Amino acid sequence: MTQIDVHLTPDYAARSLREDVRAGLTAEPKWLPPKWFYDARGSELFEQITRLPEYYPTRAEREILQARAGEIAAITKAHTLVELGSGSSEKTRLLLDGLRDHGTLTTFVPLDVSESALRDAADAINVDYPTLDVHGVVGDFTAHLDKLPGDAPRVVAFLGGTIGNLLPAEREIFYASVRDVLEPGEWLLLGTDLVKDPKTLVAAYDDSAGVTAEFNKNVLRVINRQLGADFDVDAFSHVALWDAENEWIEMHLRAERAMQVLIPEIHLEVDFAAGEELSTEISAKFHPHTVHAELDKAGFTEAAWWTDSEARFALSLWQAV
């Protein structure tokens, strides 16, 4: 059985894009949030990125899930799996298989801001797991965690290292929000990319085939299409660098010449100087003690910590106390 709850207005995405573009492109320095990479083309490019030899996080997390999904099921005895993000990936199915085989899982709850993506994911899961109740939630994980259905105990999965896209203050708010909606004894399953040598990190975000560069530039194409802007996409170059102080990768778009960009839908003109950089993403990398401190502060206790065979990526299980 499939049920979809919609907690976003039909114009949510369009309104959010207008608000983000105005706020980010009138700031100093300029920025855009990474969620706007992901139209259909951006999602396709990201899938290509996950298969690149330089991009290890997806393979590393999959390796852990293949080895530990049964253990996760045995520890949590979860009746409900909640996934923040798309629910149709191979990694999701590894978790679903582990929980189903353990015999406790009854409900899968994918949450996503895209209703079409969520319905596609829910339909695919429903076909392959016909005995599972699929209860999708169209919402934003920064605003709608209190709308999560499902019988306790629940496991909320936040995979892929996506937590690294949040600034430290945003992570604190997110962890507190998850803790607020969980009953004591329920679970958070978290994927975190680990600090390692800068050469490996930068290569993962600046691949030799140029796929990540196209992915980064896609945000400009989205703004051109959705807001009628006239960004010359080819006049921007992809920049990825390691910030050792903050221990995160930064992705930027660098204007290769001075230009003025018109964005008619929000009545905005934006000037770029030659060499000016527009920030599009951070991807924080973590030490175990950092993750532990943040989750402990939010009201969780560590139940398990696993890494891949090369200790590049961690999957950790936390229980609400």
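Note that the structure is predicted; figures quoted are calculated from it, not measured.

## A few points about the overall build of the protein
Here's step 1: Scanning the protein from terminus to terminus reveals nine helices and 13 strands.
Here's step 2: Its C-alpha atoms give the protein a radius of gyration of 20 Å, within 12% of the compact-globule value 20 Å for 321 residues.
Here's step 3: For the protein, the C-alpha atoms occupy an extent of roughly 60 × 45 × 35 Å along the three principal directions.
Here's step 4: Counting over 321 residues, the protein shows a buried share of 52%.
Here's step 5: Sequence-distant contacts, at least 24 apart, represent 72% of the contacts inside the protein between residues at least 6 apart.
Here's step 6: Accessible area of the protein: about 14,000 Å², with a carbon and sulfur share of 51%.

## Digging into the packing of aromatic side chains
Here's step 1: For the coordinates displayed, the defined rule picks out 14 aromatic pairs.
Here's step 2: Taking the centre distance of 4.8 Å and the plane angle of 40 degrees together, the rings of Phe158 and Phe174 count as tilted. Within this pair, whereas Phe158 is found in strand 5 (residues 154–158), its partner Phe174 is found in helix 6 (residues 168–181), the two being separated by 16 residues in sequence.
Here's step 3: Note on Phe158: relative accessible area 1%, which makes it buried.
Here's step 4: Residue classification places Phe174 among the buried residues on the basis of a relative accessible area of 4%.
Here's step 5: Cluster of aromatic residues (ring-pair linked, three or more members): Phe37, Tyr38, Phe46, Tyr55, Tyr205 and Phe215.

## Thoughts on the sheet that holds strand 1 (residues 2–6)
Here's step 1: The strand order across the open sheet built from eight strands is 1-4-3-2-5-6-13-12, with neighbouring strands paired in mixed fashion. Strand pairing shows two members of the sheet lacking a second neighbour, strand 1 and strand 12 (300–307), which therefore form its edges. Going across the sheet, the axis of each strand differs from the next one's by a mean of 20 degrees, ignoring polarity.
Here's step 2: Taken strand by strand, helix 3 (residues 57–76) contacts strand 5, strand 6 (187–193), strand 12 and strand 13 (313–320), and its axis lies near 30 degrees from that of strand 13.

## A word on the packing of helix 4 (residues 90–102) against helix 5 (residues 115–128)
Here's step 1: Look at helix 4 against helix 5: their axes get within 12 Å of each other, and the N-to-C directions meet at 40 degrees. Judged by the inter-axis angle, helix 4 sits oblique to helix 5. Crossing handedness for the pair helix 4 and helix 5: right-handed. Contacts between helix 4 and helix 5 involve Arg93, Leu96 and Arg100 from the first element and Ala124, Ile125 and Asp128 from the second.

## Thoughts on the pairing of strand 12
Here's step 1: Where strand 12 lies against strand 13, seven bridges are found, and the strand directions are antiparallel. Bridged to Glu302 within strand 13 is Trp318.
Here's step 2: The hairpin formed by strand 12 and strand 13 contains five residues between the paired strands, and Ala311 there has a positive phi angle of roughly 55 degrees.

So, how was this worked out
- Residues numbered from 1 in each chain as written.
- Predicted model: local features only at pLDDT ≥ 70, side-chain atom pairs only at ≥ 80, totals over all residues.
- Heavy atoms only, no water.
- Helix = DSSP H or I, 4+ residues; strand = E, 2+ residues; numbered from the N terminus.
- Rg over C-alpha atoms; globule rule 2.2 N^0.38 Å.
- Buried < 20%, exposed > 50% of the residue type's maximum accessible area, 1.4 Å probe, protein only.
- Contact = heavy atoms within 4.5 Å.
- Areas by Shrake-Rupley, 256 points an atom, 1.4 Å probe, with all protein chains shown as cover.
- Phe/Tyr/Trp six-rings, centres within 6.5 Å; stacked < 30°, edge-to-face > 60°.
- Pairing = 2+ DSSP bridges.
- Axes fitted to C-alpha atoms, helices over the stretch in contact; angles between N-to-C directions.
- Parallel < 35°, antiparallel > 145°, perpendicular 65-115°, else oblique.
- Left-handed = near helix turned anticlockwise from the far one by under 90°.

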